[in-house]
Amino acid sequence: MNPFIPIVLWICISLPGYDSAGLKGKSLIFLTKTDKDYVKLNAADFSSLTAFTVCFRAASEESSRDYSLLSYATGANNNELLIWQKKTGQLTLYLKSPVVDISLPKIDGLLRHVCVNWESQTGVVTAWVNGRRSLQKVGGKGLTVKGSGVFILGQEQDKPGGRFDINQSFVGEITDVNMWDHVLKSTDIELLSQGCFSTGGNIIDWSTIGFTSGGNVKIEDNNDCKF
Ligand SMILES: *[C@@H]1O[C@H](CO)[C@@H](O)[C@H](O)[C@H]1NC(C)=O
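A brief structural summary. (Residues numbered from 1 in each chain as written. Predicted model: local features only at pLDDT ≥ 70, side-chain atom pairs only at ≥ 80, totals over all residues. Heavy atoms only, no water.)

### A look at the overall build of the protein chain
Phase 1: Counting its regular elements, the protein chain contains 2 helices and 18 strands.
Phase 2: Total accessible area on the protein chain stands at roughly 10,800 Å², and carbon and sulfur atoms take up 53% of it. (Helix = DSSP H or I, 4+ residues; strand = E, 2+ residues; numbered from the N terminus. Areas by Shrake-Rupley, 256 points an atom, 1.4 Å probe, with all protein chains shown as cover.)

### A closer look at the nonpolar core
Phase 1: Within the largest apolar cluster, 44 residues are counted, with the highest numbers of intra-cluster contacts made by Leu 41, Phe 52 and Phe 151.
Phase 2: With sequence-adjacent residues up to four places away left out, Leu 41 is seen in contact with Phe 151, Leu 153, Val 177, Ile 204, Trp 206, Ile 209, Gly 210 and Phe 211.
Phase 3: If you look at the next biggest cluster of nonpolar residues, it comprises 7 residues, including Cys 115, Trp 128, Ile 189 and Leu 192. (Core = buried A, V, L, I, M, F, W, Y, C linked by side-chain atoms within 4.5 Å. Buried < 20%, exposed > 50% of the residue type's maximum accessible area, 1.4 Å probe, protein only. Contact = heavy atoms within 4.5 Å.)

### Observations regarding the packing of aromatic side chains
Phase 1: Under the criterion given, the structure shown has 7 aromatic pairs.
Phase 2: Between Phe 52 and Trp 118 the ring centres are 5.5 Å apart and the planes differ by 35°, which places this aromatic pair in the tilted class. Highlighted residues: Phe 52 in strand E5 (residues 51-59) and Trp 118 in strand E10 (residues 112-119), separated in sequence by 66 residues. Each member of the pair, Phe 52 together with Trp 118, is buried.
Phase 3: Considering the side-chain rings of Trp 84 and Tyr 94, the 6.5 Å spacing of their centres and the 80° angle between planes classify their relative orientation as edge-to-face. Of this pair, Trp 84 sits in strand E7 (residues 81-85) while Tyr 94 sits in strand E8 (residues 90-95), and the two are 10 residues apart along the sequence.
Phase 4: Ring pairing ties together the aromatic residues Phe 30, Tyr 67 and Phe 170, which thus form one cluster. (Phe/Tyr/Trp six-rings, centres within 6.5 Å; stacked < 30°, edge-to-face > 60°.)

### Remarks on the pairing of strand E17 (residues 210-214)
Phase 1: With 5 of its 5 residues buried, E17 lies for the most part within the structure.
Phase 2: The alternating pattern of E17 places Gly 210, Thr 212 and Gly 214 and Phe 211 and Ser 213 on opposite faces, both of which are buried.
Phase 3: Sheet topology note: the strand E3 (residues 38-42)/E17 ladder contains 5 bridges and is antiparallel. Residue pairing in the sheet places Asn 42 in a bridge with Gly 210 of E17. (Pairing = 2+ DSSP bridges.)

### Notes on helix H2 (residues 186-193)
Phase 1: Turning to H2, its buried residues are Asp 188, Ile 189, Leu 192 and Ser 193. End-on, the buried residues of H2 take up no more than an arc of 135°, which puts them together on one face.
Phase 2: Elements in contact with the buried residues of H2: E5, E10, strand E11 (124-129) and strand E16 (172-180).
Phase 3: Positioned one or two residues after H2, Gly 195 has a phi angle of 105°, which is positive. (Arc of directions from axis to C-beta.)

### Focus on the side chain of Arg 65
Phase 1: Examined against the element boundaries, Arg 65 turns out to sit in the loop between E5 and strand E6 (67-73).
Phase 2: Here Arg 65 falls in the buried class, since its relative accessible area comes to 9%.
Phase 3: Only 3.2 Å separates the side chain of Arg 65 from the side chain of Glu 62, close enough to count as a polar contact.
Phase 4: Looking at Arg 65, its side chain comes within polar contact range of the main-chain oxygen of Asn 167, at 3.1 Å.
Phase 5: When near neighbours in sequence (up to four residues on either side) are disregarded, Arg 65 contacts Lys 33, Lys 87, Ile 166, Asn 167, Gln 168, Ser 169 and Val 171. (Polar contact = N/O pair within 3.5 Å; in protein donor to acceptor, adjacent residues only side chain to side chain.)

### Concerning the pattern of salt bridges
Phase 1: Inspection of every chain in the model, using the stated rule, returns 7 salt bridges.
Phase 2: Across the pair Asp 221 and Lys 26 runs a salt bridge whose closest N-O atoms are separated by 2.6 Å. Taken as a pair, Asp 221 in strand E18 (residues 218-221) and Lys 26 in strand E2 (residues 26-30) lie far apart in primary sequence, 195 residues in all.
Phase 3: The salt bridge partner of Asp 101 is Lys 86, with a shortest N-O separation of 3.3 Å. Of this pair, Asp 101 sits in strand E9 (residues 97-103) while Lys 86 sits in the loop between E7 and E8; the two residues are 15 residues apart in sequence, bridging distant segments of the chain.
Phase 4: The class of Asp 101 is partly exposed, set by a relative accessible area of 25%. (Salt bridge = Lys/Arg side-chain N within 4 Å of Asp/Glu carboxyl O.)

Next comes the structure, spelled out in structure tokens:
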């Protein structure tokens, strides 16, 4: 064998950041509290959103501090869209600033399915945990989520794609991140929560998403879909 092949392979595998596409059946595992580990998702382009549903499965044993579950930053606002876990257990939706807190069972070591949806005209926000809906709250009425931003898992952005804060990092496992530009029907969310919904989001589709990983994020089979 050409002696350069193993060297080239070694370089490809050990580079700290790399680009790839498609995470179907894969989980991202953020092992330690650091400001280095992140995954940037290359979501579909949109000019602005007046509604969305974002879903994921996550588990984390972090309980002593707040952290980011999904961070979307634009040049105009670092918190254009942010799903934030508070140490008190509340899930906060930021649309540029905090618009709604919802008290939910706190994320723990058991992987759970979480969705958050929002619609601008009414400002109604609902969260879902394992296919069960929260109360409806109202926030961010009349706002839009601007396009051309950066989606990051594992860290909270203080500028698009960077200025991470170690104390806001996610430590745990996250998978099946999907995002739609509309509010999904409750029956679809119930199906999604069972693990094997056939279609991904039209903004973020976990099974085809292009991504860049930085630091030391483990990508492992999630073995979740039984069908
Ligand atoms: C993170 O939190 C620790 C403990 O509260 C603090 O000592 C440290 O300065 C913080 N680091 C940053 C970058 O804010």
